[in-house]
Number of protein chains: 2
Amino acid sequence: MHSHDEQHFESSETVRDVVIGMADGLTVPFALAAGLSGAAAISNSIIVTAGLAEIVAGSIAMGLGGYLAGRTEVDHYSAELRREYEEVERVPERELAEVKDVLVEYGVSTASAAVVADELSQDKDKWVDFMMKFELGLEEPHPKRAAQSARNIALSYVAGGLLPLSAYVFTSAPHVGLLYSSGITAVALFVFGYFKSKMTGQAPVTGALQTTLVGVVAAGCAYAIARLITQ
Amino acid sequence: MHSHDEQHFESSETVRDVVIGMADGLTVPFALAAGLSGAAAISNSIIVTAGLAEIVAGSIAMGLGGYLAGRTEVDHYSAELRREYEEVERVPERELAEVKDVLVEYGVSTASAAVVADELSQDKDKWVDFMMKFELGLEEPHPKRAAQSARNIALSYVAGGLLPLSAYVFTSAPHVGLLYSSGITAVALFVFGYFKSKMTGQAPVTGALQTTLVGVVAAGCAYAIARLITQ
């Protein structure tokens, strides 16, 4: 494994969860609150109530939804694994031919592919592992990751969402709250986007600007629609 | 390729986008509206305004956010591809050794692995393809998919979100709206969860119940928090 690949691996799991949760958490509650600030006859307390309801709903949808999706992935992997073991038992020639096909496709000669397929088939576990990864493209999911990942994503969503909302708690009129909220969130999205991009290997300033742009566009459109329908 | 794998492939791309968008679209706006129904002194028109602002914000965050993530994935793949081509040129022995390692790990003998690595290295494009997929585990992303996928996800979010919200347009009190909205959304989540699970190979009724559960829990918690803070 290359060193750049190992780096990706170490920084990956938890950071990936935080990035997923915070990207939406910083964007959607902010944009919702901004949208409601554009509506007629709405107070800060309604905005805070709606914002908190959104944070709760969004974090549960992402967290619990993500948890169940993770569990499904584990089930799916087990089912495919069982199927491969069955096939290796029931139709070994066909599975051998499939190993050969994978190799020949990459320019290995038919003769060498046959030798390798034969060697692979000596150990059933490794043979099945090979089929899972190289034929089906499936990586074994971590069974305990699902719950952990769900919690990380949900908490990041909550943390991200409370930041833009706090501006409406400490101000008394929606438009004042919107002003502070936009300032705080723009900075937060830029900083978040900068580090997110650095870690995924994207150009940091471009990534930071893109992340901020998503928030600004979402908030602008939400504001416009709320203003339109309450006029 | 197995027939069950091909099936996964055909039904996948667009369906996957619709599933992603609709899972959140049916859940979050529904739960937000349910939450606001639990708050004191809130009218249906405020709930509809907040719901629409959320739908706009959520669909843009998912759509535009997904589009940019897709673009980043394309860039990342190109960067890694360039790096592999460079390494194959600059340190071919090391890259050859890495091919051998991958094969030996699966039980191929050192001698056969050496022969195969040598054969693979005759065609640089296929050699690099092999490294990209089997060493780095990267699949080539579709450059045009990003925009298409973003649109599918965003539209599915909007479609999913308008359904629970419609109940508040055709009723006049939040609690009546909530009653209809819950009924409509529970049925929609169950049906959606059923077909989603069928397509991903999960047990359909279990999947349908799980999908419905996420919506019910999110709505229940949003209702509770809104009621608590406005009392």
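Residue numbers restart at each chain and count upward from 1, following the sequence in its written direction. As they are written, the chains are lettered A onward and the ligands numbered 1 onward, keeping that order. Restriction of local features to residues with pLDDT of at least 70 applies here, the model being predicted, together with a cutoff of 80 or more for giving and counting side-chain atom pairs; totals for whole chains, interfaces and linings are based on all residues. Side-chain measures here rest on the full set of heavy atoms in the structure, leaving out hydrogens and waters.

Here the copies are matched by least squares. The fit uses the C-alpha atoms of residues with pLDDT of at least 70 in both. Note on the copies: chain B fits chain A at an RMSD of 0.1 Å, the axial shift is 0.0 Å, and the rotation between them is 180°. What the rotation and shift describe, once combined, is the action of a two-fold rotation axis. Should any heavy atoms of two residues lie within 4.5 Å, those residues are considered in contact. Taken together, the interface assignments show that 100% of the residues at the interface of chain B recur at the interface of chain A, consistent with an identical surface on both copies.

This part takes up the environment of E98(B). Residue and element names in this part refer to chain B. Only DSSP runs of H or I with at least four residues qualify as helices, and only runs of E with at least two residues qualify as strands; both kinds are numbered from the N terminus onward. One can find E98 in helix α4 (residues 92–105). Think of it in three bands: residues with accessible area under 20% of the maximum for their type are buried, residues over 50% are exposed, and the middle band is partly exposed, with areas taken using a 1.4 Å probe on protein chains only. A relative accessible area of 10% means that E98 is categorised as buried. Spatially, the C-alpha atom of E98 lies 62 Å from that of T230, the residues being 132 residues apart in sequence.

In this section: the environment of A69(B). Residue and element names in this part refer to chain B. Topologically, A69 is positioned in helix α3 (residues 44–90). A69 gets classed as partly exposed once you look at its relative accessible area, which sits at 45%. Counting along the chain gives 77 residues from A69 to A146, while the straight-line C-alpha distance between them is 8.1 Å.

Residues and elements named next belong to chain B. Throughout, an axis means a line fitted to C-alpha atoms (over the contacting stretch in the case of helices), and angles, computed between N-to-C directions, take values from 0 to 180 degrees. Contact geometry of α3 with helix α6 (residues 124–135) gives a least axis separation of 10 Å together with a crossing angle of 125°. Between α3 and α6, the interaxial angle falls into the category oblique. Like other packed secondary-structure pairs, α3 and α6 cross with a definite hand, here right-handed. In contact with Y77, E80, L81, E84, Y85, V88 and E89 of α3, α6 contributes K124, D125, W127, V128, M131, M132 and E135. Classifying every residue of the contact of α3 with α6 gives eight nonpolar, no polar and six charged. Each angle is binned into one of four classes, with values under 35 degrees roughly parallel, values over 145 roughly antiparallel, values of 65 to 115 roughly perpendicular, and all other values oblique. Left-handed describes a crossing whose near helix is turned anticlockwise from the far helix through less than a right angle; right-handed describes the clockwise counterpart. Each residue is assigned to one of three groups, with Ala, Val, Leu, Ile, Met, Phe, Trp, Tyr, Cys and Pro labelled nonpolar, Asp, Glu, Lys and Arg labelled charged, and all others, Gly among them, labelled polar.

Residues and elements named next belong to chain A. Unusually for a residue other than glycine, A41 sits at a positive phi of about 55°. Mapped onto the elements of the fold, A41 is located in the loop between α2 (13–37) and α3 (44–90). According to the relative accessible area criterion, A41 is exposed, its value standing at 76%.

Here we take up the nonpolar core. For our purposes a nonpolar core is just a set of buried Ala, Val, Leu, Ile, Met, Phe, Trp, Tyr and Cys residues, chained together by side-chain atoms within 4.5 Å. L32(A), L36(A), I42(A), Y168(A), L32(B), L36(B) and I42(B) are the most contacted members of the largest nonpolar core, which has 60 residues in total. Listing elements by their share of this core, those giving two or more residues are α2, α3, α7 (145–169) and α9 (204–230) of chain A together with α2 (13–37), α3, α7 (145–169) and α9 (204–229) of chain B. Once residues within four sequence positions are removed from consideration, L36(B) is found in contact with T49(A), A50(A), I42(B), I47(B) and A50(B). Ranked by size, the runner-up nonpolar core spans 36 residues in total, among them Y106(A), Y77(B), Y106(B) and A113(B).

To continue, consider the packing of helix α4 (residues 92–105) of chain A against helix α5 (residues 110–120) of chain A. Residue and element names in this part refer to chain A. Between α4 and α5, whose axes approach to 9 Å, the crossing angle comes to 135°. Here α5 runs oblique to α4, going by the angle between their axes. Seen from above, α4 lies across α5 with right-handed handedness. Here L96, V99, K100, L103 and V104 of α4 come into contact with α5, specifically with T110, A113, A114, V116, A117, D118 and L120. Here the contact of α4 with α5 is built from residues that sort into nine nonpolar, one polar and two charged.

Turning our attention to the interface of chain B and chain A. In this complex, chain B contributes 65 residues to the contact, which on the side of chain A involves 65 residues. Throughout, the accessible surface (probe 1.4 Å) given up by two parts as they are put together, summed over both, is called the buried area. When chain B packs against chain A, close to 5,700 Å² is buried across both sides, 71% of that on carbon and sulfur atoms. Salt bridge, as used here: a side-chain nitrogen of Lys or Arg that lies within 4 Å of a carboxyl oxygen of Asp or Glu. Counting every contact that joins chain B to chain A gives zero salt bridges. Polar contact is defined as a pair of N or O atoms within 3.5 Å, subject to the rule that within protein one atom must be able to donate a hydrogen and the other to accept it, and that residues adjacent in sequence are counted only when both atoms are side-chain atoms. If you look at where chain B meets chain A, you find six residue pairs in polar contact (both at pLDDT 80 or more). Listing elements by their share of the side of chain B that touches chain A, those giving two or more residues are α1 (3–10), α2, α3, α4, α5 (110–120), α6 and α9 of chain B. Looking at the side of chain B that touches chain A, the element that brings in the most residues is α3(B), giving 20 residues. Taken together, the residues of the side of chain B that touches chain A break down into 34 nonpolar, 17 polar and 14 charged.

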